[in-house]
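Chain by chain, the residues:
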Amino acid sequence: MVETLIGSNSMTTSREIFRFTKQLLKGRWFMLFAAFLIMSGAGATYAFGIYSKEIKRTLGYDQETLNLLGFFKDLGASVGVFSGLIAEVTPTWFVLLVGAALNFFGYFMIWLAVAGHIAKPKVWKMCMYICIGANSQNFANTGSLVPCVKNFPESRGIMVGLLKGFTGLSGAVMNQLYLAIYGNNPKALILLIGWLPAVVSLFFVYTIRPMKVVKQTNERKMFYKYLFISLALALFVMVITIIQKQKAFSHGGYIATATVVCILLFIPLGVAINEELAIWKQNKQVQNSTPTSVTIETPPAIVAQTVDAKNPVPESSWYSNICSPPKRGEDYTILQALLSLDMLLVFISVFSGLGTSLSAIDNLGQIGESLGYPSLTISTFVSLVSIWNYFGRVCAGFISEILLSKWGFPRTLVMTVVLVLSCIGDILIAFAFPGSLYVSSVLIGFSYGAQLTLVYTIISELFGLKYYSTLFNCGVLGSPLGSYVFNVRVLGILYDREALKQLKVKGLGRDSVKELTCIGKECYRMSFIIMAGVSLVGALCSLVLVMRTRDFYQGDIYKKFREQASGGKSEESEMGLVVSSVEDRKTLK
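These numbers come from a predicted model, not from an experiment.

Visitor: Sorry, what's going on with the overall build of the protein here?
Guide: Of regular secondary structure, the protein possesses 24 helices and two strands. A burial count over the protein gives 56% of its 589 residues as buried. Partitioning the intrachain contacts of the protein with sequence separation of at least 6 by distance along the chain shows that 82% fall at a separation of at least 24. As presented, the protein carries roughly 24200 Å² of accessible surface, and 65% of it is formed by carbon and sulfur atoms.

Visitor: When you look at the nonpolar core in this model, what are you seeing that I'm missing?
Guide: The nonpolar side chains of a soluble globular protein tend to be buried with one another. Among the nonpolar cores identified, the biggest contains 154 residues, and Tyr51, Phe223, Tyr226 and Tyr468 are the most heavily contacted of them. Here the element with the most residues in this core is helix H9 (residues 156–182); it accounts for 14 residues. Setting aside its immediate chain neighbours within four residues, Tyr51 contacts Ala44, Tyr107, Ile130, Pro186, Leu189, Ile190 and Ile193.

Visitor: Got a minute to help me understand the confidence of the model for the protein in this structure?
Guide: Low-pLDDT portions of the prediction should not be read for the details of their coordinates. Residue-level pLDDT values for the protein average 83, and 86% of them are 70 or greater. Of the regions scoring below 50 in pLDDT, residues 292–315 engages in 39 contacts with residues more than four places distant in sequence or in other chains. Predicted confidence is poor over residues 569–589, with pLDDT under 50, and the contacts of this stretch with residues over four places away or in other chains come to 36 contacts.

Visitor: How should the side chain of Gln451 be read in this particular structure?
Guide: Of note, Gln451 is situated in helix H18 (residues 436–463). You can call Gln451 buried: its relative accessible area is 0%.

Visitor: Looking at this structure, how should I read the pattern of salt bridges?
Guide: Think of it this way: side chains of opposite charge can pair up when their charged atoms draw near. For the structure shown, the criterion picks out nine salt bridges. Among the ionic pairs, Lys187 bridges to Glu54, the shortest N-O distance being 4.0 Å. Note that Lys187 is positioned in helix H10 (residues 186–203) and Glu54 in helix H4 (residues 48–59), a separation of 133 residues in sequence. Relative accessible area serves as the criterion here: at 24%, Lys187 is assigned to the partly exposed category. Looking at Glu54, the relative accessible area reads 13%, which means it is buried. Between Asp342 and Arg548 there is a salt bridge, with its nearest N and O atoms 2.8 Å apart. You can see Asp342 sitting in helix H14 (residues 341–362) and its partner Arg548 sitting in helix H21 (residues 522–554), a full 206 residues away along the chain. Judged by its relative accessible area of 4%, Asp342 is buried.

Visitor: Can you help me understand empty space enclosed by the protein in this one?
Guide: Over the atoms rolls a probe the size of a water molecule, and its path tells where empty space is left. This structure, assessed with the given rule, holds seven cavities of 30 Å³ or more. In this structure, the largest cavity spans a volume of roughly 220 Å³. Around the largest cavity, the lining is made up of 21 residues, and of these Tyr46, Ala77, Ser78, Gln137 and Tyr456 lie nearest the centre. Those elements that provide at least two residues to the lining of the largest cavity are helix H5 (63–78), helix H8 (123–151), H9, H14 and H18. Around the second largest cavity, the lining is made up of 21 residues, and of these Gly41, Asn103, Ser136, Ala140 and Pro197 lie nearest the centre.

Visitor: Would you take a moment to explain the packing of helix H3 (residues 28–40) against helix H11 (residues 219–246) for this structure?
Guide: A packed helix pair is summarised by two numbers, namely the angle formed by the two axes and the spacing between the axes. Taken N-terminus to C-terminus, the directions of H3 and H11 make an angle of 30 degrees; their axes are 13 Å apart at the nearest point. Between H3 and H11, the angle falls in the class roughly parallel. Once H3 is placed against H11, the crossing between them reads as right-handed. Seen from H3, the contacting residues are Arg28, Trp29, Leu32 and Phe36; seen from H11, they are Glu219, Met222, Phe223 and Tyr226. For the contact of H3 with H11, a count of residues per class yields six nonpolar, no polar and two charged.

Visitor: When you look at the environment of Ile110 in this model, what are you seeing that I'm missing?
Guide: You can see Ile110 is positioned in helix H7 (residues 92–114). Taking the relative accessible area as the measure of exposure, Ile110 reaches 1% and is therefore buried. Ile110 sits 15 residues away from Lys125 along the chain, and the two C-alpha atoms are 9.4 Å apart. Discounting chain neighbours no more than four positions away, the residues touching Ile110 are Ile55, Met126, Tyr129, Ile130 and Ile190.

Visitor: So what exactly am I meant to see when it comes to H18 here?
Guide: Since the α-helix turns once every 3.6 residues, residues separated by three or four places project in the same direction. Compared with an ideal rise of 1.5 Å per residue, which puts 28 residues at 40 Å, H18 spans 40 Å between its outermost C-alpha atoms and is within 8% of the ideal. The buried count for H18 comes to 24 of 28 residues, which makes it a mostly enclosed element.

Visitor: Would you take a moment to explain H10 for this structure?
Guide: Taking 1.5 Å of rise per residue, 18 residues should cover 26 Å, and H10 covers 26 Å from first to last C-alpha, within 8% of that figure. Taken together, the buried positions of H10 are occupied by Ala188, Leu189, Ile190, Leu191, Leu192, Ile193, Gly194, Leu196, Pro197, Ala198 and Ser201. Of the surrounding secondary structure, the elements contacted by the buried residues of H10 are H3, H4, H7 and H9.

Visitor: Honestly, a nonpolar patch on the surface in this entry has me stumped. Any pointers?
Guide: On the surface, Trp93, Phe94, Leu97, Leu202 and Tyr206 cluster together to form a nonpolar patch covering roughly 500 Å² of accessible area. Examining the composition of the nonpolar patch, we find that three residues originate from one element, H7, more than from any other. Within the secondary structure, Leu202 sits in helix H10. Residue Leu202 is classed as partly exposed on the basis of its relative accessible area of 44%.

Visitor: Explanation requested: the packing of H9 against H18 in the structure shown.
Guide: One way to put it is that H9 packs onto H18 with a least axis distance of 9 Å and a crossing angle of 145 degrees. Remark: the crossing between H9 and H18 carries right-handed chirality. Across the interface between the two elements, Arg156, Gly157, Val160, Gly161 and Lys164 of H9 pack against Leu452, Thr453, Tyr456, Thr457, Ser460 and Glu461 of H18. Partitioned by chemical class, the residues of the contact of H9 with H18 number three nonpolar, five polar and three charged.

Visitor: Explain the environment of Thr412 to me, please; I cannot follow it from the model alone.
Guide: If you trace the backbone, Thr412 turns up in helix H17 (residues 411–430). Put simply, Thr412 and Thr549 are 137 residues apart on the chain and 7.9 Å apart in space, counted from C-alpha to C-alpha. For Thr412, the side chain forms a polar contact with the side chain of Thr549, separated by 3.3 Å.

Visitor: Can you walk me through the packing of aromatic side chains in this structure?
Guide: For any pair of aromatic rings, the description rests on two quantities: the centre-to-centre distance and the angle between the ring planes. In the structure shown here, the tally under the stated rule is 30 aromatic pairs. Taking the centre distance of 5.1 Å and the plane angle of 70 degrees together, the rings of Phe36 and Tyr226 count as edge-to-face. Of this pair, Phe36 sits in helix H3 while Tyr226 is found in helix H11, placing the two residues 190 residues apart along the sequence. Residue classification places Phe36 among the buried positions, given a relative accessible area of 1%.

Definitions and limits used
- Residues numbered from 1 in each chain as written.
- Predicted model: local features only at pLDDT ≥ 70, side-chain atom pairs only at ≥ 80, totals over all residues.
- Heavy atoms only, no water.
- Helix = DSSP H or I, 4+ residues; strand = E, 2+ residues; numbered from the N terminus.
- Buried < 20%, exposed > 50% of the residue type's maximum accessible area, 1.4 Å probe, protein only.
- Contact = heavy atoms within 4.5 Å.
- Areas by Shrake-Rupley, 256 points an atom, 1.4 Å probe, with all protein chains shown as cover.
- Core = buried A, V, L, I, M, F, W, Y, C linked by side-chain atoms within 4.5 Å.
- pLDDT = per-residue confidence, 0-100.
- Salt bridge = Lys/Arg side-chain N within 4 Å of Asp/Glu carboxyl O.
- 1 Å grid on protein atoms, 1.4 Å probe; cavity = no way out; pocket = protein on both sides within 12 Å on 5 of 7 lines; lining within 4 Å.
- Points joined across faces, edges and corners; volume = space filled by probe spheres on them.
- Axes fitted to C-alpha atoms, helices over the stretch in contact; angles between N-to-C directions.
- Parallel < 35°, antiparallel > 145°, perpendicular 65-115°, else oblique.
- Left-handed = near helix turned anticlockwise from the far one by under 90°.
- Nonpolar A, V, L, I, M, F, W, Y, C, P; charged D, E, K, R; others polar.
- Expected span 1.5 Å × (residues − 1).
- Patch = residues over 30% accessible without salt bridge, like charges linked within 9 Å, V, L, I, M, F, W, Y side chains within 5 Å.
- Polar contact = N/O pair within 3.5 Å; in protein donor to acceptor, adjacent residues only side chain to side chain.
- Phe/Tyr/Trp six-rings, centres within 6.5 Å; stacked < 30°, edge-to-face > 60°.

Written out as C-alpha cells, the structure reads:
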C-alpha cells in the first residue's frame with residue numbers, strides 16, 4: 001500500500017519509504033498515537049480499588065489506615081507542581097524519563113511488601129511508596145498532555161478529553177493485561193503497574209514534543225476517528241469485564257481478550273499512517289505541479305507556521321507584573337494566575353468536586369460491602385467506574401467544545417452542571433435504596449472524569465499556554481486536599497465509628513477483630529450528606545466563575561491561534577470578513 005502511494009519505481013522506492021517513515025515518526029499524528037499509549041498507562045491509581053483489599057488483608061490495616069494510604073495515593077497523583085516546574089526548564093524527554101523512574105520504584109516497592117519479599121514496612125513508608133508511584137503519572141500527564149494541547153490549540157477541549165479519556169480507561173485496560181500475563185492475582189497487578197507504564201514511556205521518550213502549529217481543515221474529522229476507536233475500546237472493556245465477573249475464564253480466554261485490547265490500542269497508529277500518507281501525496285502534488293500564472297492553492301494539510309515566528313510574544317518572567325494581569329486568554333505569569341480570583345474559584349470547585357468524587361471512588365468497594373451487595377457485583381462496580389470515568393472525560397471534551405464553538409456556551413457552565421450531578425450521586429449513597437449504588441456509581445464516575453477534562457481546559461483558556469504545564473498542575477491541587485479531608489477525616493473516621501458501635505452492640509471490643517467492618521446504610525450516610533453539601537458549594541462557586549467569564553466565552557477565544565497558523569491572517573479575514581464573536585459566526589452561517 002505504501003509503495004503504491006509513494007511511487008512504484010524500484011530504484012526510488014526504498015528511499016521514498018525511508019523519507020515517508022521519517023515524516024511519519026516526526027509528525028503530529030504519530031506523536032498523538034504515542035501520547036495515547038502513554039496516557040493509557042498513566043491512570044494506574046484508578047485500579048486502587050482492585051488491589052486495595054489485598055493490601056488491607058496482607059498488611060492487616062484497618063479502614064482508616066487504608067484510607068490514609070488512599071489519601072497519599074491521591075496526593076501523589078494530584079500534586080503535579082514538581083512535574084510542571086520541571087517541564088518549564090527541561091525538555092519533554094527528561095520529564096517522561098523521571099516519570100518512568102518514579103513509577104517503577106514506587107509500585108515495585110509496594111509489590112515487594114505485599115508479596116512478602118521484604119519485611120512489613122511501617123505505614124509511613126507505604127504511604128511514601130504509593131505517593132511516589134502515583135506522582136509518576138503527573139510526569140506522564142505533563143509530558144504528554146501539554147505538548148499535545150500546544151500542538152492542537154484550537155481543539156484543546158477535544159484533545160484533553162481524548163487524552164484524559166485514555167487515562168480513565170487505563171485501570172480497566174491494565175486489569176485485562178494483568179489477567180492475561182499473570183492470571184487472577186491482585187498482587188501481580190501491582191507488579192504490572194510498576195513496570196509496564198515505565199517501559200511505554202521509555203519507548204516513546206523522544207516522540208512526544210512541541211511542534212509547529214498546523215492549520216489542517218480535516219483536524220476535527222481525525223479527532224472523531226480517534227473518538228470512535230476509544231469508544232470501541234471502552235465498550236469492549238465494559239462488556240468483557242461484565243462477562244468475566246459472571247463466568248470463569250481460562251488463561252487462554254484472558255489472553256484472547258487482552259489481544260483484542262492491544263489491537264484496539266494500536267488502531268490509532270493505522271489512522272496516523274493513513275493521514276500522513278494523504279499529506280505525503282499532497283506534498284508530492286505541489287512539488288510536481290508546473291508553475292503557471294494561476295496561483296496554486298496550498299493544500300490545507302501542510303500550511304504551517306511556528307507560533308512565535310510572526311507574532312512574537314514579549315518575554316516575561318514567571319513572577320513579573322503580579323498586580324497587572326493581562327486579559328483573559330492571554331499568557332498569565334504563574335503568580336498572576338495563582339493570585340487571581342478566577343483561579344481561587346477553580347480551586348474551590350476542584351476541592352469540592354474532585355475531592356468528594358475521588359473519595360467516593362476509592363471507597364466504592366467498602367460502600368458496596370456495607371450495603372450488602374455480593375462480592376461479584378462489588379468488583380463489577382469497581383471495574384466499571386473507570387469506564388464511566390472515561391465517558392465523562394471524552395463527553396466533556398467533545399460536547400463542551402461543540403457547545404462553545406457553535407453557541408458560545410461557557411465551558412465553566414458545563415462544569416457547574418457536572419458538579420450538580422456529583423451532588424446527586426452523593427445523595428443517592430447517603431439515602432441508599434435497592435439499586436441506588438448502580439446509578440450513583442455512574443454519576444460519580446462520569447462527573448469525576450468530566451471535571452478533570454473541564455478543569456484542564458478552562459485553565460488553558462483563561463490563563464494561556466505559556467506556563468500551562470505549571471498552572472494546570474497548581475489548579476488541581478485542591479483534589480488531594482479534598483481527598484484527605486473527605487477520605488481520611490470524614491469517611492474513614494465515621495466508618496470506623498459506626499463499626500465500633502456495631503461491635504459494642506455485640507459485646508466485642510476493637511482488639512477482638514483484626515479488620516473493622518461496618519454493615520448497613522448508616523456506615524456512610526452522614527459522610528455522604530456532608531459530601532453532597534460540599535459538592536453543592538462547589539457548584540455555586542463554579543456558577544460565580546460563569547458570571548465572571550461570560551463575556552470572555554462569548555468572544556472568539558481561538559482567533560489568535562488561527563492567525564498564527566495562517567501567517568497572521570485568520571480564515572475569516574482572508575475571506576474579507578472579520579468574525580469576533582458568537583453572534584458574528586451565527587450571521588455568517
